[in-house]
Amino acid sequence: MQHPFSLSILDFLDYLRSERGLSRHTIEAYGRDVRSFASFLETKEWHLVTSEHVLQFLTRLRAGSYATSSICRILVAVKVFFRFLKKEGLIHVDLGRYFETPKIWQLIPQVLNIEEVDALLAQPQLDDFIGSRDKAILELLYATGMRASELCQLRIQDLSDTFVKVKGKGKKERIIPVGKMALQAVDHFLQRFRGEMREEDAPLFVSRRGKRIDRVTIWNRVKAYARSAGITKSISPHTLRHSFATHLLENGADLRLIQDMLGHEDIGTTDRYTHVTGHRLKAAFQMFHPRP
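Treat the numbers as computed from the prediction; the structure is a model and nothing was measured.

### A look at the overall build of the protein
Per the secondary structure count, the protein includes twelve helices and two strands. Listing every helix and strand of the protein by position from the N terminus yields α-α-α-α-α-α-α-β-β-α-α-α-α-α. Looking at the protein alone, contacts between residues at least 24 apart form 62% of all its contacts between residues at least 6 apart.

Next comes the structure, spelled out in C-alpha coordinates:
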(Lines give C-alpha, C1' and ligand atoms only; values in the text may rest on other atoms or scores of the structure.)
Protein backbone atom coordinates (compact mmCIF):
# COMPACT_ATOMS: atom_id res chain seq x y z
CA MET A 1 0.00 0.00 0.00
CA GLN A 2 1.41 3.39 -1.00
CA HIS A 3 2.27 5.80 1.79
CA PRO A 4 -0.03 8.89 1.69
CA PHE A 5 3.03 11.14 1.43
CA SER A 6 4.64 9.20 -1.44
CA LEU A 7 3.19 11.28 -4.28
CA SER A 8 4.31 14.63 -2.88
CA ILE A 9 7.78 13.24 -2.19
CA LEU A 10 8.07 11.96 -5.76
CA ASP A 11 6.97 15.39 -7.01
CA PHE A 12 9.65 16.95 -4.81
CA LEU A 13 12.36 14.70 -6.25
CA ASP A 14 11.18 15.46 -9.80
CA TYR A 15 11.38 19.15 -8.95
CA LEU A 16 14.98 18.78 -7.72
CA ARG A 17 15.88 16.86 -10.86
CA SER A 18 14.20 19.05 -13.45
CA GLU A 19 14.37 22.55 -12.00
CA ARG A 20 17.37 22.48 -9.69
CA GLY A 21 19.60 20.18 -11.72
CA LEU A 22 20.98 18.37 -8.68
CA SER A 23 23.06 15.23 -9.09
CA ARG A 24 21.51 11.78 -8.86
CA HIS A 25 23.38 11.05 -5.61
CA THR A 26 22.11 14.27 -3.99
CA ILE A 27 18.53 13.60 -5.08
CA GLU A 28 18.69 10.05 -3.72
CA ALA A 29 20.00 11.34 -0.39
CA TYR A 30 17.22 13.93 -0.18
CA GLY A 31 14.68 11.22 -0.95
CA ARG A 32 15.94 8.94 1.83
CA ASP A 33 15.99 11.74 4.37
CA VAL A 34 12.53 13.07 3.57
CA ARG A 35 11.03 9.56 3.55
CA SER A 36 12.61 8.95 6.94
CA PHE A 37 10.85 12.06 8.26
CA ALA A 38 7.54 11.05 6.65
CA SER A 39 7.72 7.58 8.21
CA PHE A 40 8.19 9.16 11.63
CA LEU A 41 5.01 11.21 11.38
CA GLU A 42 1.65 9.91 12.61
CA THR A 43 -0.41 12.46 10.70
CA LYS A 44 -1.25 11.77 7.06
CA GLU A 45 -1.53 15.39 5.86
CA TRP A 46 1.38 17.76 5.40
CA HIS A 47 -0.65 20.79 6.49
CA LEU A 48 -1.14 19.14 9.90
CA VAL A 49 2.59 18.85 10.52
CA THR A 50 3.92 21.32 13.10
CA SER A 51 7.33 22.55 14.18
CA GLU A 52 6.94 20.30 17.22
CA HIS A 53 6.89 17.28 14.93
CA VAL A 54 10.17 18.39 13.37
CA LEU A 55 11.71 18.92 16.80
CA GLN A 56 10.58 15.48 17.97
CA PHE A 57 12.04 13.93 14.82
CA LEU A 58 15.42 15.58 15.38
CA THR A 59 15.34 14.50 19.03
CA ARG A 60 14.68 10.91 17.94
CA LEU A 61 17.67 11.06 15.59
CA ARG A 62 19.89 12.39 18.34
CA ALA A 63 18.75 9.68 20.74
CA GLY A 64 19.49 7.12 18.03
CA SER A 65 23.18 8.08 18.09
CA TYR A 66 23.13 9.68 14.66
CA ALA A 67 26.26 11.70 13.93
CA THR A 68 25.78 15.44 14.15
CA SER A 69 26.77 15.74 10.50
CA SER A 70 24.04 13.25 9.53
CA ILE A 71 21.41 15.14 11.51
CA CYS A 72 22.50 18.35 9.81
CA ARG A 73 22.14 16.75 6.38
CA ILE A 74 18.69 15.39 7.17
CA LEU A 75 17.54 18.76 8.51
CA VAL A 76 18.71 20.49 5.33
CA ALA A 77 16.68 18.01 3.25
CA VAL A 78 13.57 18.58 5.39
CA LYS A 79 13.97 22.37 5.14
CA VAL A 80 14.24 22.24 1.34
CA PHE A 81 11.22 19.94 1.22
CA PHE A 82 9.10 22.34 3.26
CA ARG A 83 10.07 25.18 0.92
CA PHE A 84 8.84 23.04 -1.95
CA LEU A 85 5.54 22.24 -0.21
CA LYS A 86 4.96 25.96 0.46
CA LYS A 87 5.78 26.79 -3.17
CA GLU A 88 3.28 24.17 -4.35
CA GLY A 89 0.58 25.45 -2.00
CA LEU A 90 0.42 22.18 -0.03
CA ILE A 91 1.14 23.97 3.26
CA HIS A 92 0.50 27.53 4.41
CA VAL A 93 3.62 27.99 6.54
CA ASP A 94 7.19 26.98 5.71
CA LEU A 95 8.17 25.20 8.94
CA GLY A 96 11.77 24.98 7.82
CA ARG A 97 12.30 28.66 8.48
CA TYR A 98 11.97 28.03 12.20
CA PHE A 99 15.00 25.75 12.26
CA GLU A 100 18.44 27.18 11.67
CA THR A 101 20.94 24.80 10.14
CA PRO A 102 23.35 23.73 12.91
CA LYS A 103 26.63 25.61 12.94
CA ILE A 104 28.55 22.46 12.12
CA TRP A 105 28.13 23.40 8.45
CA GLN A 106 30.19 26.50 9.16
CA LEU A 107 33.13 24.64 10.70
CA ILE A 108 36.41 24.68 8.80
CA PRO A 109 36.96 21.23 7.24
CA GLN A 110 40.05 19.14 7.78
CA VAL A 111 42.89 20.41 5.60
CA LEU A 112 46.53 19.53 5.01
CA ASN A 113 49.34 22.05 5.36
CA ILE A 114 51.78 22.53 2.49
CA GLU A 115 54.34 20.13 3.97
CA GLU A 116 51.72 17.40 4.35
CA VAL A 117 50.54 17.91 0.76
CA ASP A 118 54.12 17.63 -0.49
CA ALA A 119 54.65 14.45 1.54
CA LEU A 120 51.41 12.91 0.26
CA LEU A 121 52.11 13.72 -3.37
CA ALA A 122 55.64 12.30 -3.09
CA GLN A 123 54.43 8.80 -2.15
CA PRO A 124 53.47 7.21 -5.50
CA GLN A 125 56.30 5.49 -7.37
CA LEU A 126 56.53 6.62 -10.99
CA ASP A 127 58.11 3.47 -12.41
CA ASP A 128 54.92 1.42 -12.64
CA PHE A 129 51.37 1.86 -13.97
CA ILE A 130 49.58 2.26 -10.63
CA GLY A 131 52.13 4.61 -9.10
CA SER A 132 52.31 6.83 -12.18
CA ARG A 133 48.50 6.95 -12.43
CA ASP A 134 48.09 7.71 -8.73
CA LYS A 135 50.71 10.45 -8.86
CA ALA A 136 48.76 12.12 -11.67
CA ILE A 137 45.49 11.71 -9.75
CA LEU A 138 46.83 13.25 -6.54
CA GLU A 139 48.49 16.13 -8.37
CA LEU A 140 45.33 16.86 -10.36
CA LEU A 141 43.04 16.70 -7.32
CA TYR A 142 45.17 19.20 -5.44
CA ALA A 143 45.91 21.39 -8.47
CA THR A 144 42.24 21.86 -9.36
CA GLY A 145 40.15 21.19 -6.26
CA MET A 146 37.81 19.00 -8.29
CA ARG A 147 35.74 16.30 -6.64
CA ALA A 148 36.83 12.67 -6.90
CA SER A 149 33.59 11.88 -8.76
CA GLU A 150 34.42 14.60 -11.29
CA LEU A 151 37.94 13.26 -11.79
CA CYS A 152 36.56 9.78 -12.46
CA GLN A 153 34.52 11.13 -15.37
CA LEU A 154 37.41 12.94 -17.10
CA ARG A 155 38.29 12.01 -20.67
CA ILE A 156 41.71 12.55 -22.21
CA GLN A 157 40.24 15.29 -24.41
CA ASP A 158 39.04 17.23 -21.35
CA LEU A 159 42.61 18.20 -20.49
CA SER A 160 44.52 20.86 -22.43
CA ASP A 161 47.92 22.48 -21.88
CA THR A 162 46.45 24.97 -19.40
CA PHE A 163 42.91 23.97 -18.43
CA VAL A 164 40.73 21.00 -17.59
CA LYS A 165 37.04 20.84 -18.46
CA VAL A 166 35.05 19.40 -15.57
CA LYS A 167 31.44 18.22 -15.51
CA GLY A 168 30.15 18.90 -12.01
CA LYS A 169 26.91 18.53 -10.12
CA GLY A 170 23.82 18.86 -12.23
CA LYS A 171 25.99 18.14 -15.31
CA LYS A 172 27.20 21.74 -15.28
CA GLU A 173 30.57 22.24 -16.93
CA ARG A 174 33.31 24.53 -15.68
CA ILE A 175 36.88 25.26 -16.72
CA ILE A 176 39.69 25.04 -14.15
CA PRO A 177 43.30 26.08 -14.75
CA VAL A 178 45.92 23.39 -14.18
CA GLY A 179 49.51 23.93 -13.00
CA LYS A 180 52.54 22.51 -14.79
CA MET A 181 53.37 19.97 -12.05
CA ALA A 182 49.99 18.29 -12.43
CA LEU A 183 50.22 18.41 -16.22
CA GLN A 184 53.67 16.83 -16.15
CA ALA A 185 52.39 14.00 -13.94
CA VAL A 186 49.47 13.34 -16.28
CA ASP A 187 51.71 13.48 -19.37
CA HIS A 188 54.12 10.99 -17.79
CA PHE A 189 51.29 8.56 -17.11
CA LEU A 190 49.81 8.86 -20.60
CA GLN A 191 53.06 8.64 -22.51
CA ARG A 192 54.67 5.92 -20.42
CA PHE A 193 51.78 3.61 -19.62
CA ARG A 194 48.71 4.24 -21.76
CA GLY A 195 50.26 3.32 -25.08
CA GLU A 196 47.55 2.81 -27.68
CA MET A 197 44.77 3.45 -25.16
CA ARG A 198 45.01 7.19 -25.71
CA GLU A 199 42.04 8.01 -27.90
CA GLU A 200 40.75 11.47 -27.03
CA ASP A 201 37.35 10.16 -25.95
CA ALA A 202 38.89 7.50 -23.69
CA PRO A 203 38.76 7.84 -19.89
CA LEU A 204 41.75 9.73 -18.53
CA PHE A 205 42.27 7.45 -15.53
CA VAL A 206 41.75 3.70 -15.78
CA SER A 207 42.62 0.43 -14.06
CA ARG A 208 45.25 -1.96 -15.43
CA ARG A 209 42.46 -3.61 -17.42
CA GLY A 210 41.41 -0.34 -18.99
CA LYS A 211 38.25 0.16 -16.93
CA ARG A 212 37.39 3.70 -15.84
CA ILE A 213 38.59 4.31 -12.28
CA ASP A 214 35.97 4.75 -9.54
CA ARG A 215 35.68 6.85 -6.39
CA VAL A 216 36.23 3.92 -4.04
CA THR A 217 39.59 3.17 -5.65
CA ILE A 218 40.67 6.80 -5.34
CA TRP A 219 39.52 6.89 -1.70
CA ASN A 220 41.51 3.76 -0.88
CA ARG A 221 44.64 5.01 -2.65
CA VAL A 222 44.56 8.38 -0.87
CA LYS A 223 44.17 6.62 2.49
CA ALA A 224 47.10 4.30 1.73
CA TYR A 225 49.41 7.11 0.64
CA ALA A 226 48.47 9.18 3.70
CA ARG A 227 49.51 6.31 5.94
CA SER A 228 52.82 5.84 4.12
CA ALA A 229 53.46 9.59 4.36
CA GLY A 230 52.98 9.47 8.12
CA ILE A 231 49.95 11.78 8.02
CA THR A 232 47.88 11.17 11.15
CA LYS A 233 44.90 13.27 10.12
CA SER A 234 41.84 11.41 8.87
CA ILE A 235 41.76 12.42 5.22
CA SER A 236 39.98 11.53 2.00
CA PRO A 237 40.13 12.78 -1.60
CA HIS A 238 37.86 15.64 -0.50
CA THR A 239 40.60 16.79 1.89
CA LEU A 240 42.69 17.76 -1.13
CA ARG A 241 39.74 19.82 -2.38
CA HIS A 242 39.48 21.60 0.97
CA SER A 243 43.26 22.10 1.03
CA PHE A 244 43.24 23.53 -2.49
CA ALA A 245 40.67 26.16 -1.53
CA THR A 246 42.22 26.96 1.85
CA HIS A 247 45.72 27.43 0.47
CA LEU A 248 44.50 29.71 -2.31
CA LEU A 249 42.50 31.77 0.16
CA GLU A 250 45.38 31.99 2.63
CA ASN A 251 47.60 33.33 -0.13
CA GLY A 252 45.18 36.09 -1.05
CA ALA A 253 43.04 34.69 -3.86
CA ASP A 254 39.58 36.23 -4.20
CA LEU A 255 36.87 34.05 -2.64
CA ARG A 256 34.70 34.41 -5.75
CA LEU A 257 37.48 32.99 -7.91
CA ILE A 258 37.74 29.99 -5.61
CA GLN A 259 33.99 29.46 -5.66
CA ASP A 260 34.06 29.49 -9.45
CA MET A 261 36.86 26.93 -9.62
CA LEU A 262 35.20 24.66 -7.06
CA GLY A 263 31.86 24.84 -8.83
CA HIS A 264 30.02 25.77 -5.64
CA GLU A 265 26.45 26.92 -6.16
CA ASP A 266 24.06 27.77 -3.35
CA ILE A 267 20.50 27.69 -4.70
CA GLY A 268 19.51 30.76 -2.66
CA THR A 269 22.55 32.90 -3.41
CA THR A 270 23.59 32.01 -6.94
CA ASP A 271 23.10 35.56 -8.20
CA ARG A 272 25.85 36.94 -5.97
CA TYR A 273 28.52 34.89 -7.72
CA THR A 274 30.57 36.85 -10.22
CA HIS A 275 31.33 35.45 -13.64
CA VAL A 276 35.09 35.11 -14.09
CA THR A 277 36.78 34.69 -17.45
CA GLY A 278 39.28 31.93 -18.10
CA HIS A 279 42.15 34.40 -18.34
CA ARG A 280 41.49 35.84 -14.87
CA LEU A 281 41.18 32.32 -13.46
CA LYS A 282 44.51 31.33 -14.95
CA ALA A 283 46.22 34.46 -13.66
CA ALA A 284 44.84 33.96 -10.16
CA PHE A 285 45.88 30.30 -10.17
CA GLN A 286 49.47 31.03 -11.25
CA MET A 287 49.79 33.84 -8.73
CA PHE A 288 48.43 32.09 -5.66
CA HIS A 289 48.63 28.30 -5.98
CA PRO A 290 51.66 26.83 -4.16
CA ARG A 291 52.30 24.30 -6.97
CA PRO A 292 51.77 26.27 -10.22
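The structure having been displayed, the exposition proceeds.
### As for the side chain of Asp134
Note that Asp134 resides in helix 6 (residues 129-144). Within the structure, the side chain of Asp134 is placed 3.0 Å from the side chain of Arg133, a separation counted as a polar contact. For Asp134, the contacting residues outside a window of four places in its chain are Pro124, Arg221 and Tyr225.

### A word on the side chain of Ser8
Turning to its location among the elements, Ser8 is positioned in helix 1 (residues 6-18). On the basis of relative accessibility, which here comes to 11%, the residue Ser8 falls in the buried class. Within polar-contact distance, the side chain of Ser8 engages the side chain of Trp46 at 2.8 Å. Apart from the residues lying within four places of it in its own chain, the contact partners of Ser8 are Trp46, Phe81, Phe84, Leu85 and Leu90.

### Side note on the pairing of strand 2 (residues 173-177)
The pairing of strand 1 (residues 163-167) with strand 2 spans five bridges and is classified as antiparallel. Each bridged residue has a counterpart across the sheet, and for Phe163 the counterpart in strand 2 is Pro177.

### Thoughts on the pattern of salt bridges
Side-chain pairs of opposite charge can arise whenever the charged atoms involved come near each other. Summed over the entire model, instances satisfying the criterion amount to twelve salt bridges. The salt bridge involving Asp134 is made with Arg133; its shortest N-O contact spans 3.0 Å. You can call Asp134 buried: its relative accessible area is 2%. Where Asp158 meets Arg155, a salt bridge forms, and the shortest distance between an N and an O atom there is 3.0 Å. Judged by relative accessible area, which is 9%, Asp158 ranks as buried. The exposure class of Arg155 is partly exposed, given its relative accessible area of 24%.

### Topic: the confidence of the model for the protein
Scored by pLDDT, the protein has a mean of 82; 85% of the residues are at 70 or more. Element-level pLDDT for the protein is lowest in helix 12 (residues 278-288), with a mean of 56, against a maximum mean of 97 in helix 6. In the model, residues 103-108 has pLDDT below 50 throughout and makes seven contacts with residues more than four positions away in sequence or in other chains. Low confidence marks residues 267-280, where pLDDT is under 50. Its contacts with residues over four positions away, or in another chain, come to 13 contacts.

Rules of the game
Residues numbered from 1 in each chain as written. Predicted model: local features only at pLDDT ≥ 70, side-chain atom pairs only at ≥ 80, totals over all residues. Heavy atoms only, no water. Helix = DSSP H or I, 4+ residues; strand = E, 2+ residues; numbered from the N terminus. Contact = heavy atoms within 4.5 Å. Polar contact = N/O pair within 3.5 Å; in protein donor to acceptor, adjacent residues only side chain to side chain. Buried < 20%, exposed > 50% of the residue type's maximum accessible area, 1.4 Å probe, protein only. Pairing = 2+ DSSP bridges. Salt bridge = Lys/Arg side-chain N within 4 Å of Asp/Glu carboxyl O. pLDDT = per-residue confidence, 0-100.

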